[in-house]
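# Residue-level structure breakdown
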Amino acid sequence: MILDPISEHELARATKISGALWRYVRGEPLTGSAQRDLCRELNCSRSTLFRYVADLKRTQSASALVPKKRGRKPLSRFLTDDHEDALEYCIVHYFLTRERQSMGELIRRVHVEFQKRGLSPVARKAVIARLNEIAPRDVVKKREGARAARERFEIIHKHYTAERPLAVMQIDHTRLDAMAVDPEVVEVLGRPTLTYCIDVYSRVICGFLIGFEPPSAKTLMRAFSLAVRPKSHLLKALHLRGHWPVFGIPEAVHTDNGGDLTSNAFTNGLANFGIEHLRRPVRRPEWGGHIERFMRTGNSLFHSLPGTTGSNVVDRGSRDPRKQACLSLDDLRRLLASYICDVYHKEDHSSLGEPPLRRWQRYWKQVGEQPRLPKNMETFDRHFLPSETRKIAKYGLRFNHLYYRSKALQKMRDCGVQSVRFKYDPDDVRQVYVEGNNGSFDSVPCEKRFHRAISFTEHALLRDWTDTNTNRWSDADLLRHYQLRDEIVGNAKRRKRIQRKSDQGVRTSSTGALRPNALNLMRSGGQGDDL
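A brief report on the enclosed structure follows. Just so you know, these numbers come straight off a predicted model, no measurement behind them.

## A look at the overall build of the protein chain
- Looking only at helices and strands, the protein chain has 21 helices and 13 strands in total.
- Split into buried and exposed, the 531 residues of the protein chain put 37% on the buried side.
- Once local pairs closer than 6 in sequence are excluded, the contacts in the protein chain between residues at least 24 apart make up 63%.
- On the protein chain, roughly 33300 Å² of surface is accessible, and the fraction owed to carbon and sulfur atoms is 51%.

## Some points on unusual backbone geometry
- Phi is positive for R203, close to 65°, though the residue is something other than glycine.
- Tracing the backbone through its elements, the reader meets R203 in the loop between strand 4 (193–199) and strand 5 (205–211).
- Accessibility expressed as a relative area gives 13% for R203, which makes it buried.
- For H401, which is not a glycine, the phi torsion comes out positive at approximately 65°.
- Relative to the assigned elements, H401 resides in the loop between strand 9 (397–399) and strand 10 (402–404).
- A relative accessible area of 43% means that H401 is categorised as partly exposed.

## Re the sheet that holds strand 11 (residues 419–425)
- With antiparallel pairing, 4 strands are arranged side by side in an open sheet as 8-11-12-13. A single partner strand is all that each edge strand has here, and the edge strands are strand 8 (387–391) and strand 13 (441–445). Ignoring which end each strand starts from, the neighbouring axes of this sheet average 40° apart.
- Here strand 11 pairs with strand 12 (residues 428–435) via 4 bridges, running antiparallel. Residue pairing across strands places F422 opposite V434, the latter belonging to strand 12.

## A word on the packing of helix 7 (residues 136–144) against helix 8 (residues 146–153)
- Here helix 7 crosses helix 8 at 145°, and the two axes come no closer than 7 Å. Once helix 7 is placed against helix 8, the crossing between them reads as right-handed. On the side of helix 7, the interface is formed by P136, R137, V140, K141 and E144, while helix 8 contributes A146, A148, A149, R150, R152 and F153.
- Among the residues making up the contact of helix 7 with helix 8, the classes are represented as 6 nonpolar, no polar and 5 charged.

## Brief notes about the sheet that holds strand 6 (residues 252–255)
- Judged by pairing direction, the sheet is mixed, and its 5 strands sit side by side in the order 5-4-1-6-7 without closing on themselves. With one partner strand each, in any of the chains shown, strand 5 and strand 7 (276–279) form the two edges of the open sheet. On average, adjacent strands in this sheet sit at an angle of 20° to one another, irrespective of strand direction.
- Pairing of strand 6 with strand 7, which is carried by 4 bridges, proceeds in the parallel orientation. Across the sheet, the residue bridging to V253 is H277, located in strand 7.

## Concerning helix 1 (residues 8–25)
- Its 18 residues place the ends of helix 1 24 Å apart at the C-alpha level, agreeing with the 26 Å of an ideal helix rising 1.5 Å per residue.
- The largest bend in helix 1 is about 35°, located at G19.
- Residues of helix 1 that are buried include every one of E10, A14, I17, S18, A20, L21, Y24 and V25, and no others.
- Looking at the buried residues of helix 1, the elements they touch are helix 2 (32–42) and helix 3 (46–59).
- Just downstream of helix 1, G27 is the residue with a positive phi angle, here 130°.

Parameters at a glance
Residues numbered from 1 in each chain as written. Predicted model: local features only at pLDDT ≥ 70, side-chain atom pairs only at ≥ 80, totals over all residues. Heavy atoms only, no water. Helix = DSSP H or I, 4+ residues; strand = E, 2+ residues; numbered from the N terminus. Buried < 20%, exposed > 50% of the residue type's maximum accessible area, 1.4 Å probe, protein only. Contact = heavy atoms within 4.5 Å. Areas by Shrake-Rupley, 256 points an atom, 1.4 Å probe, with all protein chains shown as cover. Pairing = 2+ DSSP bridges. Axes fitted to C-alpha atoms, helices over the stretch in contact; angles between N-to-C directions. Left-handed = near helix turned anticlockwise from the far one by under 90°. Nonpolar A, V, L, I, M, F, W, Y, C, P; charged D, E, K, R; others polar. Expected span 1.5 Å × (residues − 1). Bend = angle between axes of the 7 residues up to and from the residue.

From the geometry alone we can't say anything about function, so treat these as descriptive.
Next up, the structure:
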């Protein structure tokens, strides 16, 4: 619905008039000399002056003195009820639909509908006027959906706040707006995935992870582990001299509803350390505005580097990122870590009014405490690994076509334990970790020996390749085997039949030679015995 706004000139004149008349509205007598002076000052007649005073007394608002616009009033209707019903039918059934028909199509529909009902045609302006009476948000909601209407018209409120550092940590993923290359062969590998962890209270970056693995429980665990750990070893590995004093276990973790962020492994790991898992409402990205903003800020760092893809196709222009790419993953890690330590943490944040690192350090200095750390980082990391449950068989634990055995597992089997729950690292098949009653883990090695760490996915691919290319029989081998089998079995059966017939022939000939004597004895009635 379009409303006619009050111009600044009209509002200024109304304010001037009300300023001159307020004392008379409040009870001061309006004498004849005062009326003449006011008429000259306001350039109006006496009747207009008295109307101004009456309007101010009635409304107690200067806006009542704004002159009314001449002509038709807003929302005036001059068509018949039949015309209005036909217009409303066409707008509701053809324009306010998810098919999103154009204005021209709506005009043609109106023309056809009027012909069906025997009504005279109306001008295009009449149709547009009816559309302007509908609230723009309602139009977008009907044509594009409630989510599009909310994103376009709803005022974003800062719903999510924190009162101290590590009260809430937000975690999310994004694709890097740059191509990475293999440093040895300088071959383009693609766009890496970034996982960020940010503290809501101070906006400091608790940790990040760059890699080509898609978002998963494993990458999430690595990023979260880096966020909790002190960063001195990370900066040393990246050959940086920056200062990054951000570490500690958060009280709550805030994520969206992605499959990796809501996995059982991550959720159970958080629960084991008393960390609350908060999830933003579905399709409400503004609830994760803190980390969403930094992801845009972080990506802008790479827009001036070789190999950038830009934030969109228009921003990319005609350049080819693959031809310009020359930075490796380690280069990108160093650049991002240096930007976080030396630039982002030390410049004023528009929402805070101070640098994020200063806000972080001031709080811990005031309370005289340090952030809480896990007692054992290896145990902490293993709690966030995916888990499985298997029976303890005669040959140990069988998992993904591999067997795992240890003395601790044997003691469990001796004590009558039938099945155990264990954790496994998807990137290392060499051992699994059986969880004990006290929260510790016992390492159970694999029966096979591997000279390096390989993932379960890699092992499955190698096993499939081996079965296909070496061990598995081909169709020709199978045909040759069964042909030989049928030949051997057929020959054996044939020999047995021949031998059986030969044995039967021998028995028949021996019985025929004795038969006459037996017949003679029968005919004689056994007289030979008496002789």
